[in-house]
Protein chains: 2
Amino acid sequence: MESVAIIGAGQTRYGDFPNKGVKELFAEAYLEMLQSVDRGIDQQRIGAAFIGSLSSGSGFQLGQLAPLLMGHVGLPRVNAVRIENACGSGGYALFNAACAVASGKVDIAIAGGVEKMRDVSSSKGRYWLGVSGDTEFERLAGSTFAGIYALMAARYMHEYGLKREHLSMVAVKNHRNAVANPKAQFRKEITLEQAKKGVPVAYPFNVWDCSPTTDGAAVVLLCNAKIAREFTDKPVYLKGFGAASDYLAIHDRDSMTRLLATRKAAAEAYKQAGIGPKDIDFAEVHDCFTIAEILAYGDLGFAEEGKAQYLLEEGYTQIDGKLPVNASGGLKAKGHPIGATGCGMACEIFKQLRDEAKEPSRQIKNARYALSHNVGGSGGTAAVFIYQRGDA
Amino acid sequence: MESVAIIGAGQTRYGDFPNKGVKELFAEAYLEMLQSVDRGIDQQRIGAAFIGSLSSGSGFQLGQLAPLLMGHVGLPRVNAVRIENACGSGGYALFNAACAVASGKVDIAIAGGVEKMRDVSSSKGRYWLGVSGDTEFERLAGSTFAGIYALMAARYMHEYGLKREHLSMVAVKNHRNAVANPKAQFRKEITLEQAKKGVPVAYPFNVWDCSPTTDGAAVVLLCNAKIAREFTDKPVYLKGFGAASDYLAIHDRDSMTRLLATRKAAAEAYKQAGIGPKDIDFAEVHDCFTIAEILAYGDLGFAEEGKAQYLLEEGYTQIDGKLPVNASGGLKAKGHPIGATGCGMACEIFKQLRDEAKEPSRQIKNARYALSHNVGGSGGTAAVFIYQRGDA
């Protein structure tokens with residue numbers, strides 16, 4: 001297996017862009033990616049493009065979105081394909097791009113993602129999210145993802161004494177982190193009191209427990225590690241990558257307080273990287289709802305099951321804690337443009353591991369290993385990646 | 001790069017199945033695939049599943065279809081992802097599965113595809129096809145794929161003297177081949193006179209020039225060639241695979257009488273396999289419209305540009321000709337369940353190269369190399385595969 005490096009990354013700001021379509025958003029991220037390659041790159045050397053999107057622009061281009069986007073940025077002939085696993089689409093695009101490079105089939109590949117969620121009516125936006133739950137047993141029965149994650153939160157409270165306040169601590173932390181991230185949708189702190197008293201959504205969630213509706217795109221450039229130094233002295237190595245699934249419908253699963261897909265994907269990524277959870281210096285995890293970050297602490301091995309909430313009490317995952325989580329602001333405050341999210345995490349880690357996060361308050365120092373974690377739907381799919389700083 | 005073998009393949013009959021959904025169709029193909037593995041396989045060894053689908057059951061499960069299907073066949077935890085490039089989705093699923101095995105990331109993977117096209121109104125069926133053309137410049141302007149391919153046919157007639165009769169010869173040949181294929185949608189011969197005088201669709205096409213609306217599923221089992229003999233004495237080796245794109249909109253392309261995506265994909269596949277067009281003993285090509293098969297002859301290197309029609313006159317691509325093309329009946333008569341089509345071609349080749357096509361009239365004798373060719377939309381994407389008989 002060939003080793004894989006990341007040599008460029010770019011993304012749009014996440015937010016509400018009624019005047020930009022998927023082509024414009026993708027091109028913006030693609031151009032920032034090109035500019036991030038220290039010594040530049042001849043784009044004709046790009047051998048393949050894997051692009052994650054759930055709704056393909058809320059139905060704008062449901063078939064062959066990937067070649068359309070690559071044509072728009074001037075590479076109409078490159079092997080391009082759309083990869084879809086709902087909110088995990090970006091992570092799976094990265095997984096497939098990594099396999100293509102690791103196989104030696106191509107030396108250089110793009111993993112990207114794009115989503116337009118804000119230019120449709122809220123009912124259509126909800127439709128595009130709802131289609132990722134189990135149609136027969138969840139969507140058509142009226143379940144929403146907020147409702148399903150709320151069940152997980154309620155169960156975690158029941159089994160392990162999680163308090164409403166712990167959920168809010170995730171929101172407060174991630175909103176605070178987003179203030180220093182120029183790419184974030186919500187650059188605004190919230191207080192614990194505010195976070196506890198938002199408009200109710202689904203018990204125990206209020207609006208501050210939910211990630212927003214977001215437009216955005218992200219693009220990562222991968223290459224065979226052998227040639228990475230042609231392009232930069234500061235590559236970031238993709239040391240491990242894993243992906244796994246679970247039943248879509250929560251009633252079919254073994255547990256409501258763990259995501260087995262995450263656990264299996266993480267085990268595979270750790271094994272390939274030859275390291276464990278204790279070696280990770282910081283992580284970007286999938287906090288589509290506040291409980292999701294708490295579940296991730298357990299599922300990724302950062303905390304024992306049922307004790308994840310204590311990491312929040314200790315400040316362990318704060319930006320200045322022992323293991324910063326979601327320094328970008330996370331899905332909660334950076335935003336969640338579905339198909340782009342998994343690649344956006346890789347963009348953040350690329351910047352952090354090259355000491356390019358800029359704002360001193362945001363840059364994580366002395367980090368060697370980072371992890372990203374991207375989930376599809378309510379845990380039907382998950383992809384986990386482990387990155388290593390390359391300039392050491 | 002690890003070498004890749006195919007050790008199992010299964011598919012549903014193609015046709016009109018109003019009482020079967022995507023789950024039932026996929027399971028039927030999956031089970032036939034399992035039964036085709038000569039010495040059986042412990043399903044838990046399957047490391048990943050790549051599933052092609054455009055409409056995900058005409059919108060039934062637009063997000064996370066792949067893990068839903070794998071859960072339905074009893075493998076809820078396997079890494080599963082949906083791959084989409086319109087009518088090329090199945091071929092791209094095969095491409096991504098091949099990369100995963102070639103990288104060493106997994107030893108055993110599934111490539112599959114499924115589509116339901118017949119349980120929706122014809123307007124919705126047309127919608128699901130139309131979404132794969134360029135939305136801004138083709139779909140919203142009223143173009144259909146029949147219309148776009150008809151333009152190509154008319155241009156080929158103008159430039160190279162193609163006759164209406166040549167188009168019909170493709171239909172007659174493929175309908176005749178389908179008679180002996182128990183999986184085909186239309187097992188019925190048509191005469192040249194009939195084929196020339198069908199109900200008009202878009203000049204020069206009549207209804208016999210167009211592939212049908214089809215439900216169906218196909219599943220292929222790939223493994224690292226090193227372990228293939230654990231499962232069978234008759235593996236089929238995937239010696240080369242290539243994929244490439246082009247502008248979606250036909251007005252942006254360099255030519256209307258070639259598909260550059262096919263040419264680039266084929267060049268890559270031939271190079272990897274270390275053989276050329278002359279070495280191919282038979283092929284399954286993407287004849288969504290009769291002109292598409294004629295274009296494929298040129299694009300795959302079987303004929304010089306502008307002279308493809310003479311292969312038909314000579315009977316060169318008949319089942320008993322020098323290079324049988326679409327022995328299965330092709331998309332034209334076997335049927336075209338969009339996301340399944342590319343994997344269904346691999347199923348046919350798997351059977352042929354193992355001398356299991358059964359009906360003596362259909363089995364191609366003494367074949368060593370075969371090729372399959374799957375196109376997305378009107379040529380926005382294409383994937384080409386080269387197979388080698390493994391029992392020699």
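In this report, we go over the structure that sits alongside the text. (Residues numbered from 1 in each chain as written. Chains lettered and ligands numbered in written order. Predicted model: local features only at pLDDT ≥ 70, side-chain atom pairs only at ≥ 80, totals over all residues. Heavy atoms only, no water.)

1. Describing the overall build of chain A
What counts is decided by this rule: Under the DSSP-based scheme used, a helix requires at least four consecutive residues in state H or I and a strand at least two consecutive residues in state E, with every element numbered from the N terminus. Each radius of gyration reported is based on C-alpha atoms, and the globular scaling rule is 2.2 Å times the count of residues to the power 0.38. In this analysis, two residues are considered to be in contact whenever any of their non-hydrogen atoms come within 4.5 Å of each other. What sets the accessible areas is the Shrake-Rupley method with a 1.4 Å probe; for residues, cover comes only from the shown protein chains.
Across its full length, chain A holds twelve helices and eleven strands. Taken over C-alpha atoms, the radius of gyration comes to 19 Å for chain A, in line with the 21 Å a tight globule of 392 residues would show. For the C-alpha atoms alone, the extent of chain A along its principal axes is close to 55 × 45 × 35 Å. Once local pairs closer than 6 in sequence are excluded, the contacts in chain A between residues at least 24 apart make up 78%. Within the structure as shown, chain A displays about 12500 Å² of accessible surface, and the carbon and sulfur contribution to it stands at 51%.

2. With respect to unusual backbone geometry
For the record, the criterion: Here's how the labels work: a residue is buried when its accessible area is under 20% of the maximum for its type, exposed when over 50%, partly exposed in between, all with a 1.4 Å probe on protein chains only.
Cis geometry marks the peptide bond from Y203 of chain A to P204 of chain A, where omega comes out at 5°. Locating P204 of chain A in the fold gives a position in the loop between β5 (200-202) and β6 (205-206). The phi dihedral of S56 of chain A falls on the positive side, at around 50°, and the residue is not glycine. Take S56 of chain A: its relative accessible area is 0%, and that puts it in the buried class. Unlike most non-glycine residues, K358 of chain B shows phi in positive territory, near 65°. If you trace the backbone, K358 of chain B turns up in the loop between α12 (338-353) and β10 (369-376). Overall, the relative accessible area of 68% leaves K358 of chain B in the exposed class.

3. Quick notes on the relation of the copies chain A and chain B
Operational definition: The atoms used to superpose the copies are C-alpha atoms, taken from residues with pLDDT of at least 70 in both, and the fit is least squares.
Overlaying chain A on chain B yields an RMSD of 0.0 Å, the required transformation being a rotation through 180° with an accompanying axial translation of 0.0 Å. The transformation relating the two chain copies, once decomposed into turn and shift, fits a two-fold axis. The rotation axis passes nearest to the C-alpha of S103 of chain A in chain A, at a distance of 1.7 Å. The overlap is high: 100% of the interface residues of chain A also sit at the interface in chain B, so the same surface is used on both sides.

4. What about the pattern of salt bridges?
Formally: A carboxyl oxygen of Asp or Glu within 4 Å of a side-chain nitrogen of Lys or Arg is what we treat as a salt bridge.
Tallied over the entire structure, the rule returns 55 salt bridges over all chains. A salt bridge links E293 of chain A to K173 of chain A, with the nearest nitrogen and oxygen atoms 2.7 Å apart. One end of the pair, E293 of chain A, is in helix α9 (residues 290-299); the other, K173 of chain A, is in helix α6 (residues 164-179), and 120 residues separate them in sequence. K173 of chain A shares its class with E293 of chain A; the two are buried. Note that D209 of chain B and R164 of chain B form a salt bridge whose closest N and O atoms lie 2.8 Å from each other. You can see D209 of chain B sitting in the loop between β6 (205-206) and β7 (216-224) and its partner R164 of chain B sitting in helix α6 (residues 164-179), a full 45 residues away along the chain. Residues participating in the shared-partner salt-bridge network are D38, K234, R354 and E356 of chain A.

5. What to know about the pairing of β10 of chain B
Within a regular strand, the side chains alternate between the two sheet faces. Residue and element names in this part refer to chain B. Going by this rule: DSSP calls a pair of strands paired once it identifies at least 2 bridges connecting them.
Across the eight residues of β10, eight count as buried, placing the element largely inside the fold. Here β10 shows a buried face lined by Y369, L371, H373 and V375 and a second buried face lined by A370, S372, N374 and G376. Inspection of the sheet shows strand β9 (residues 282-284) paired to β10 by three bridges, in the parallel sense. When the sheet's bridge partners are listed, F282 is paired in β10 with A370. Here β10 folds back onto strand β11 (residues 381-389) in antiparallel fashion, the turn holding four residues, of which G377 has a positive phi close to 60°.

6. Concerning the interface of chain A and chain B
Note the threshold: The buried area of a pairing is the accessible area, by a 1.4 Å probe, that goes missing from both parts when the two are put together, added over both. Here a polar contact is recorded for every N or O atom pair within 3.5 Å, except that within protein the pair must consist of a potential hydrogen donor and a potential acceptor, and residues adjacent in sequence are included only if both atoms are side-chain atoms.
Across the boundary between the two partners, chain A contributes 60 residues, which contact 60 residues of chain B. Both sides together, the interface formed by chain A and chain B hides about 4800 Å², and carbon and sulfur atoms give 49% of it. Considering only the surface of chain A that becomes buried against chain B, Q64, R77 and K105 of chain A emerge as the three largest contributors, covering 18% of it. Inspection of the chain A/chain B interface yields ten salt bridges. One salt bridge connects K23 of chain A with E136 of chain B, and the closest N-O pair in it is separated by 2.7 Å. On the surface where chain A and chain B come into contact, there are 42 residue pairs in polar contact (both at pLDDT 80 or more). For the side of chain A that touches chain B, the secondary-structure elements that each account for two or more residues are α2 (65-72), β3 (79-84), α3 (89-102), α4 (122-130), β8 (236-245) and α8 (260-273) of chain A.

7. Some points on the side chain of Q64 of chain B
Secondary-structure assignment places Q64 of chain B in the loop between β2 (48-52) and α2 (65-72). Not counting the four nearest positions on each side in its chain, Q64 of chain B is found in contact with E84, N85, A86, S132, L248, G376, G377, G380 and T381 of chain A.

8. Concerning α8 of chain A
Residue and element names in this part refer to chain A. Note the threshold: A helix's residues, less one, multiplied by 1.5 Å, set its expected span.
The end-to-end C-alpha separation of α8 is 20 Å, in line with the 20 Å expected for 14 residues at 1.5 Å each. By the burial criterion, the buried members of α8 are L260, A261, T262, A265, A266, A269, Y270 and A273. Looking at the buried residues of α8, the elements they touch are β8, α9, β10 (369-376) and β11 (381-389). G274 lies just past α8 and shows a positive phi near 75°.

9. A few points about the state of the cysteines
The bond known as a disulfide is covalent and runs between the sulfur atoms of two cysteines. All names here are of chain A. The condition that has to hold: By disulfide we mean two sulfur atoms from cysteines, separated by a distance within 2.5 Å.
Counted by the stated rule, this structure contains zero disulfides over all chains. Counting only cysteine sulfurs, C87 is the nearest neighbor of C288, a cysteine outside any disulfide, at a range of 6.6 Å. The class for C288 is buried, based on a relative accessible area of 6%. In this model C343 remains outside any disulfide bridge; the closest cysteine sulfur is found in C347, 7.0 Å from its own. Residue classification places C343 among the buried positions, given a relative accessible area of 0%.

10. Regarding the pairing of strand β3 (residues 79-84) of chain B
With six of six residues buried, β3 of chain B is to be regarded as a mostly interior element. On β3 of chain B, burial covers both faces: N79, V81 and I83 of chain B on one face and A80, R82 and E84 of chain B on the other are all buried. The pairing of β3 of chain A with β3 of chain B spans three bridges and is antiparallel. Bridge assignment links E84 of chain A to a residue of β3 of chain B, and that residue is R82 of chain B.

11. Let's talk about the environment of K226 of chain A
Residue and element names in this part refer to chain A. Mapped onto the fold, K226 is located in the loop between β7 (216-224) and β8. The class for K226 is exposed, based on a relative accessible area of 67%. Between the alpha carbons of K226 and L248 there is a distance of 39 Å; along the sequence they are 22 residues apart. At 2.9 Å, the side chain of K226 forms a polar contact with the side chain of E2.

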